[in-house]
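What follows is each chain in one-letter form.
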Protein chains: 2
Amino acid sequence: MPIDQTVFRTAMSRLGAAVNVVTTDGPAGRYGIVVSAVCSVTDSPPTVLVCVSRSSGANAVLKENGVLAINILAGRHRDLSIAIAKAAAHERFASGDWTTMETGAPVLDDAAVALDCHVSSVSEVGSHSVFFAEVDAIKVHDEVDGLVWFDRDYQRLQSTASTRV
Amino acid sequence: MPIDQTVFRTAMSRLGAAVNVVTTDGPAGRYGIVVSAVCSVTDSPPTVLVCVSRSSGANAVLKENGVLAINILAGRHRDLSIAIAKAAAHERFASGDWTTMETGAPVLDDAAVALDCHVSSVSEVGSHSVFFAEVDAIKVHDEVDGLVWFDRDYQRLQSTASTRV
């Protein structure tokens, strides 16, 4: 019996995941999207993956540019995340202070972590593309602070004893 | 300049991620590992991915069995997670109450979510294999509760206003 998509979505809402702004720039132009489907793959060579819907405007732009930055968000970026998710494609960088590192993909100045990457391969899986991205440069913020998406809402992660199990 | 692996690992420690016990059973035997590298891929068809080191004993077993269960853990499973991560391969199921659903892979009775899956494809990326797993059956716990790995420690996620941003 096929899995009900609503049940699957509810199940996935319980898989807590960091919130990221994935950006790109290059011949196909600049683009940014809010993504929680980012995952560490291997440290040899340092590689992460990002899942992006094939119906997202970002998909073809990421493929043509071949570079991307993963901006891992901190708790302080909740409103920025909402603003970017709601913004029209040409207004995604109106909020936040943006810079670049090596590839030219936009990097959020105070991201919890910024990973500047080139796309090493892409796997097509159903409705989504999985971008494997090899890391060319890293910037880690001094403050330990994270923003996760869980139960269809934002939650903040901080490195304080009070929030630990 | 190549990325320093220590810096990459620190960066990845700031990417909060749900803690899961990924299990399998079949011709190659039963196995279980604690994994945070699990990611939702697409709901058409319902598919998730799991990254597993090629140096892990689980890797070949997962490939031969071709089935796996992803047991998303709740805050109450912190000690279970530590016990499984530390246990010898043949003692991974000594703690917790285990059952099965469709594929025969061990399912944690009170998992936050259990996803019973078959492996639809595998991509090899550096030191790791990425298992794409199509979901055959789902069980979602009544209580909303999550366990995440962040800043090299466990944190609990609950659906309460007090922990929201």
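Let us look at the structure shown here. Please read these numbers as outputs of a predicted model, since none were measured by experiment.

Parameters at a glance
Residues numbered from 1 in each chain as written. Chains lettered and ligands numbered in written order. Predicted model: local features only at pLDDT ≥ 70, side-chain atom pairs only at ≥ 80, totals over all residues. Heavy atoms only, no water. Helix = DSSP H or I, 4+ residues; strand = E, 2+ residues; numbered from the N terminus. Rg over C-alpha atoms; globule rule 2.2 N^0.38 Å. Buried < 20%, exposed > 50% of the residue type's maximum accessible area, 1.4 Å probe, protein only. Contact = heavy atoms within 4.5 Å. Lys, Arg positive; Asp, Glu negative; His and termini not counted. Charge placed at Lys NZ, Arg CZ, Asp CG, Glu CD. Least-squares fit on C-alpha atoms with pLDDT ≥ 70 in both. Pairing = 2+ DSSP bridges. Disulfide = S-S within 2.5 Å. Buried area = accessible area lost by both parts, 1.4 Å probe. Salt bridge = Lys/Arg side-chain N within 4 Å of Asp/Glu carboxyl O. Polar contact = N/O pair within 3.5 Å; in protein donor to acceptor, adjacent residues only side chain to side chain. Axes fitted to C-alpha atoms, helices over the stretch in contact; angles between N-to-C directions. Core = buried A, V, L, I, M, F, W, Y, C linked by side-chain atoms within 4.5 Å. Phe/Tyr/Trp six-rings, centres within 6.5 Å; stacked < 30°, edge-to-face > 60°.

What follows covers the overall build of chain A. Across its full length, chain A carries three helices and twelve strands. For a compact globule of 165 residues, the expected C-alpha radius of gyration is about 15 Å, and chain A comes in at 16 Å, within 12% of that figure. By principal-axis analysis of the C-alpha atoms, chain A measures approximately 50 × 45 × 35 Å. Out of the 165 residues belonging to chain A, those deemed buried represent 55%. Pairs at least 24 residues apart make up 64% of the contacts formed inside chain A by residues separated by at least 6 positions. Both charge centroids of chain A, one from 13 positive and one from 19 negative side chains, sit 9 Å from each other.

When chain B is fitted onto chain A, the two copies agree to an RMSD of 0.0 Å after a turn of 180° and an axial shift of 0.0 Å. Put plainly, the chains are arranged around a two-fold axis. Residues of chain B ranked by C-alpha distance from the rotation axis are headed by Ala17 of chain B, positioned 2.6 Å from it. Both copies share a contact surface, since 100% of the interface residues of chain B are interface residues in chain A too.

Let's shift gears to the pairing of strand S4 (residues 38-43) of chain B. Along any regular strand the residues' side chains alternate between the sheet's two faces. All names here are of chain B. Counting buried positions over the six residues of S4 gives five, a clear majority of the element. As defined by bridge partners, S4 adjoins strand S5 (residues 46-53) across five bridges and the pair is classed as antiparallel. Note on S5: the bridge partner recorded for Thr42 is Thr47. Remark: two residues form the turn of the hairpin made by S4 and S5, two consecutive strands paired antiparallel.

With that settled, the discussion passes to the state of the cysteines. In total, this model carries zero disulfides over all chains according to the counting rule given. Left without a disulfide partner, Cys39 of chain A is nearest to the cysteine sulfur of Cys51 of chain B, which lies 4.0 Å away. On the basis of relative accessibility, which here comes to 3%, the residue Cys39 of chain A falls in the buried class.

Turning our eyes to something else, we now look at the interface of chain B and chain A. Contacts between chain B and chain A engage 64 residues on the former and 64 residues on the latter. Both faces considered, chain B and chain A share a buried interface measuring about 5400 Å² in area, 69% of it formed by carbon and sulfur atoms. In this assembly, chain B and chain A are joined by two salt bridges. A salt bridge links Arg9 of chain B to Asp43 of chain A; its shortest N-O distance comes to 2.5 Å. Here chain B and chain A share 18 residue pairs in polar contact (both at pLDDT 80 or more) between them. Only helix H1 (5-13), strand S1 (17-18), S4, S5, strand S9 (113-125), strand S10 (128-140), strand S11 (145-150) and strand S12 (153-158) of chain B provide two or more residues apiece to the side of chain B that touches chain A. For the side of chain B that touches chain A, the leading source of residues is S10 of chain B, giving eight residues.

What follows concerns the sheet that holds S5 of chain B. Judged by pairing direction, the sheet is antiparallel, and its seven strands sit side by side in the order S3-S2-S6-S9-S10-S5-S4 (chain B) without closing on themselves. Every other strand in the sheet has two partners, leaving strand S3 (31-35) and S4 of chain B as the edge strands with one partner each. Neighbouring strand axes in the sheet, compared pairwise and without regard to direction, differ in orientation by 30° on average. Across the face of the sheet, helix H1 (residues 5-13) of chain A comes into contact with S4, S5, strand S6 (67-72), S9 and S10 of chain B while running at roughly 155° to S4 of chain B. Along the sheet, helix H2 (residues 57-65) of chain B makes contact with strand S2 (20-24), S3, S5, S6, S9 and S10 of chain B, crossing S10 of chain B at roughly 60°.

The biggest cluster of nonpolar side chains holds 75 residues, and the ones touching the most others in it are Leu49 and Leu115 of chain A together with Leu49 and Leu115 of chain B. Apart from the residues lying within four places of it in its own chain, the contact partners of Leu49 of chain A are Ala37, Val38, Cys39, Val41, Val130, Phe131 and Phe132 of chain A together with Cys39, Leu49, Cys51 and Val130 of chain B.

This paragraph deals with the packing of aromatic side chains. Applying the stated rule across the entire model yields four aromatic pairs over all chains. Their ring planes at 85° and their centres at 5.0 Å tell us that Phe93 of chain A and Trp98 of chain A sit as a pair that is edge-to-face. Ring centres of Trp149 of chain B and Tyr154 of chain B lie 4.9 Å apart, and the angle between their planes is 75°; this geometry places the pair in the edge-to-face category. Residue classification places Trp149 of chain B among the partly exposed positions, given a relative accessible area of 33%.

Topologically, Arg14 of chain A is positioned in the loop between H1 and strand S1 (17-18). Contacts of Arg14 of chain A, omitting those with residues within four sequence positions, involve Phe150 and Asp151 of chain A together with Ile72, Val113, Val140, His141, Glu143 and Val144 of chain B.

The analysis is restricted to geometry; functional conclusions fall outside its scope.
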